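Breakdown of the fold
This is what each chain is made of:
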Amino acid sequence: MEQKFPGVASIPWDQPATMIDLDGKPPLIGTIRDCAVHFGLYKPAARAQARIVLTQPVHREGRKTRTWLLEPDEIEALAERLKRETN
């Protein structure tokens, strides 16, 4: 199965990360796994505002440099990966 976001697929679950949103709510400081679990609980409006700040940047196809921030569609891919791996 081809990965839509190959850089996201390589992020280890225990990597420290911080989930933020654009509405200014307190951040969630934990691991990538914690962020993916919480993202799965969010309502659609909150999902659209969510971002994850990484402690190690990931490569994105089409970009020359690695990035420190995951967008909602990439976080969704993480949540789907978590669901696949836990079932």
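Our subject in this report is the structure included herewith. As the structure is a computational prediction, the values presented were derived from the model and not from experiment.

By the burial criterion, the buried members of helix α2 (residues 32-41) are I32, C35, A36 and F39. Taken around the axis of α2, the buried residues stretch over an arc of 100°, which confines them to a single face. Against β1 (16-21), β2 (28-31), α3 (44-49), β3 (50-58) and α4 (72-86) lie the buried residues of α2.

So, about α4. Between its terminal C-alpha atoms α4 stretches 21 Å, which fits the 21 Å expected from 15 residues at 1.5 Å a residue. All of the buried residues along α4 are P72, E74, I75, L78, A79, R81 and L82. Those residues of α4 hidden inside the fold are in contact with α1 (6-9), α2, α3, β3 and β4 (67-70).

A separate point is the packing of aromatic side chains. Counting across every chain of the model gives one aromatic pair. Across the ring face of W13, the terminal group of R81 is positioned such that the distance to the ring centre comes to 4.1 Å.

In this structure, the second largest pocket spans a volume of roughly 160 Å³. A36, V37, G40, R47, E76, A79, E80, L82 and K83 are the residues that line the second largest pocket. Contributions of two or more residues to the lining of the second largest pocket are made by α2 and α4. Looking at which element gives the most residues to the lining of the second largest pocket, the answer is α4, with five residues. Of the residues contributing to the lining of the second largest pocket, the split by class is four nonpolar, one polar and four charged.

What follows concerns the nonpolar core. Core analysis: the largest hydrophobic core is formed by 19 residues, its most contacted members being I32, I52, L54, L70 and L78. Mapped onto this core, the elements with two or more residues apiece are β1, α2, β3 and α4.

This brings us to the pattern of salt bridges. Pairs can form between side chains of opposite charge whenever their charged atoms are close. Considering all chains together, one arrives at five salt bridges under this definition. The residue K25 makes a salt bridge to D21 at a minimum N-O spacing of 3.9 Å. Residue classification places K25 among the partly exposed positions, given a relative accessible area of 48%. The partner of E71 in a salt bridge is R51, with the nearest N and O atoms 3.0 Å apart. Of this pair, E71 sits in the loop between β4 and α4 while R51 sits in strand β3, and the two are 20 residues apart along the sequence. Note on R51: relative accessible area 14%, which makes it buried. What emerges from the salt-bridge pattern is a single network uniting D21, D23 and K25.

What counts as what
Residues numbered from 1 in each chain as written. Predicted model: local features only at pLDDT ≥ 70, side-chain atom pairs only at ≥ 80, totals over all residues. Heavy atoms only, no water. Buried < 20%, exposed > 50% of the residue type's maximum accessible area, 1.4 Å probe, protein only. Helix = DSSP H or I, 4+ residues; strand = E, 2+ residues; numbered from the N terminus. Arc of directions from axis to C-beta. Contact = heavy atoms within 4.5 Å. Expected span 1.5 Å × (residues − 1). Phe/Tyr/Trp six-rings, centres within 6.5 Å; stacked < 30°, edge-to-face > 60°. Lys NZ or Arg CZ within 6 Å of the ring centre and 35° of its normal. 1 Å grid on protein atoms, 1.4 Å probe; cavity = no way out; pocket = protein on both sides within 12 Å on 5 of 7 lines; lining within 4 Å. Points joined across faces, edges and corners; volume = space filled by probe spheres on them. Nonpolar A, V, L, I, M, F, W, Y, C, P; charged D, E, K, R; others polar. Core = buried A, V, L, I, M, F, W, Y, C linked by side-chain atoms within 4.5 Å. Salt bridge = Lys/Arg side-chain N within 4 Å of Asp/Glu carboxyl O.

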